[in-house]
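One letter stands for each residue in the lines below.
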Amino acid sequence: MSLFAPEEEKTLSFDEYMASFDADRVAKVQQFVDWLGQYRGELVHNPWGEVNSDLEIVRSDFDAAQVRRNNLTAYLLPRLGRSKIFVVAEAVGYQGGRFSGIAITCERMLLDKHKTIRAHQITPVTLQRTSSPVSPMLKRTQQEQGFNEPTDTVVWSAIIEQGIDPYDALLWNIFPFHPHKADEPLTNRTPTESEQQLGWEYTKRLLALHTELGGPKSLVLAVGQKSADTMGRFGLSAIGLRHPANGGVNLYREGFAKAIGQFIP
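Residues numbered from 1 in each chain as written. Predicted model: local features only at pLDDT ≥ 70, side-chain atom pairs only at ≥ 80, totals over all residues. Heavy atoms only, no water.

Student: Could you clarify how one ought to interpret the packing of aromatic side chains in this entry?
Tutor: A ring pair, where both rings are aromatic, is described by two values, the distance of the centres and the angle of the planes. For the coordinates displayed, the defined rule picks out 13 aromatic pairs. Ring geometry for Phe-32 versus Trp-172: centroids 5.8 Å apart, planes at 45 degrees, classification tilted. Of the two residues, Phe-32 sits in helix α3 (residues 23-37) while Trp-172 sits in strand β3 (residues 169-175), which places them 140 residues apart along the sequence. Comparing Phe-32 with Trp-172 shows no difference in burial state: the two are buried. Judged by centre distance (5.4 Å) and plane angle (75 degrees), the rings of Phe-175 and Phe-177 are edge-to-face. Taking the relative accessible area as the measure of exposure, Phe-177 reaches 0% and is therefore buried. Put simply, the rings of Phe-32, Trp-35, Tyr-39, Trp-48, Trp-172, Phe-175, Phe-177 and Tyr-202 pair up and form one aromatic cluster. (Phe/Tyr/Trp six-rings, centres within 6.5 Å; stacked < 30°, edge-to-face > 60°. Helix = DSSP H or I, 4+ residues; strand = E, 2+ residues; numbered from the N terminus. Buried < 20%, exposed > 50% of the residue type's maximum accessible area, 1.4 Å probe, protein only.)

Student: Looking at this model, I keep getting lost on the sheet that holds strand β2 (residues 85-91). Mind explaining?
Tutor: Two modes of strand pairing occur in sheets, parallel and antiparallel, and in both the strands are linked by backbone hydrogen bonds. Within the open sheet, the four strands sit side by side as β3-β2-β5-β6. Their pairing is parallel. Of all strands in the sheet, those bounded by a partner on one side alone are β3 and β6 (239-241). Each strand axis lies, on average, 30 degrees off the axis of its neighbour in the sheet, ignoring direction. Packing of helix α11 (residues 249-263) onto the sheet brings it into contact with β2, β5 (219-223) and β6, and relative to β5 it is tilted by some 170 degrees. (Pairing = 2+ DSSP bridges. Axes fitted to C-alpha atoms, helices over the stretch in contact; angles between N-to-C directions. Contact = heavy atoms within 4.5 Å.)

Student: What is the right way to read the pattern of salt bridges from this model?
Tutor: Where charged atoms of side chains with opposite charge meet at close range, the side chains can pair. A complete count under the given rule lists 18 salt bridges for this structure. Among the ionic pairs, Glu-56 bridges to Arg-68, the shortest N-O distance being 2.9 Å. Of this pair, Glu-56 sits in the loop between β1 (44-45) and α4 (64-76) while Arg-68 is found in helix α4, placing the two residues 12 residues apart along the sequence. Arg-68 matches Glu-56 in its accessibility class, with the two residues each being buried. Between Arg-233 and Glu-193 there is a salt bridge whose closest N-O contact spans 3.2 Å. Here Arg-233 is found in helix α10 (residues 225-233), whereas its partner Glu-193 is found in helix α9 (residues 193-212), with 40 residues between them in sequence. Classification of Glu-193 as exposed rests on a relative accessible area of 55%. (Salt bridge = Lys/Arg side-chain N within 4 Å of Asp/Glu carboxyl O.)

Read these as geometric descriptors, not functional statements.
Structure representation (structure tokens):
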């Protein structure tokens, strides 16, 4: 279910969308997103604070990091203080949040070019891609349609299949940045222990902001048992689901459905 009527989905501008929320709420969410943008780390790309000109759109009137901050702000505004379900993965991936600016969400979803997930299920306003349509480092389909991430597809599809309003579910990563291998920006690597510890500070603040904005106690689901174990070390209880990778798609969906069935009879 969308927050706005179909007609509004087609005509609402980003500024009008922002103005539809309480100014204090907007300021708090933007402050959180701006804080995210300040982080810098070795072998880590910060989608909300850094731009790689070899991979991203570069124009005088286009700031890719700012676009991603806008994307994330637009995504968080209707969910913080509302979401009943938090789905948390390990770290931002290069095919997903690295270019979309939204956890476990790929560009094709934003552009309404995804096979199953519609753009209005993410936000009622049109969001922008940031990957370059002419970069030689991208495959042809990535140039033409933006990035697609299989795990993102499974996570979003499980939410829709269970009849959950997508605005009642919030997606996040324990380490909310993109860790990559040396000299290989289009790769993923496992975040280190220190990165996980640092990431927890952002996750903790996100959960506190959710509560501060009047949010209910939420069901926390982890994409992979490793993510659940990591959160457990920091004192956050989460149900670990089978990671969709390496043949785990059906097991993830089954685990998600079971957890939702117990939480929402």
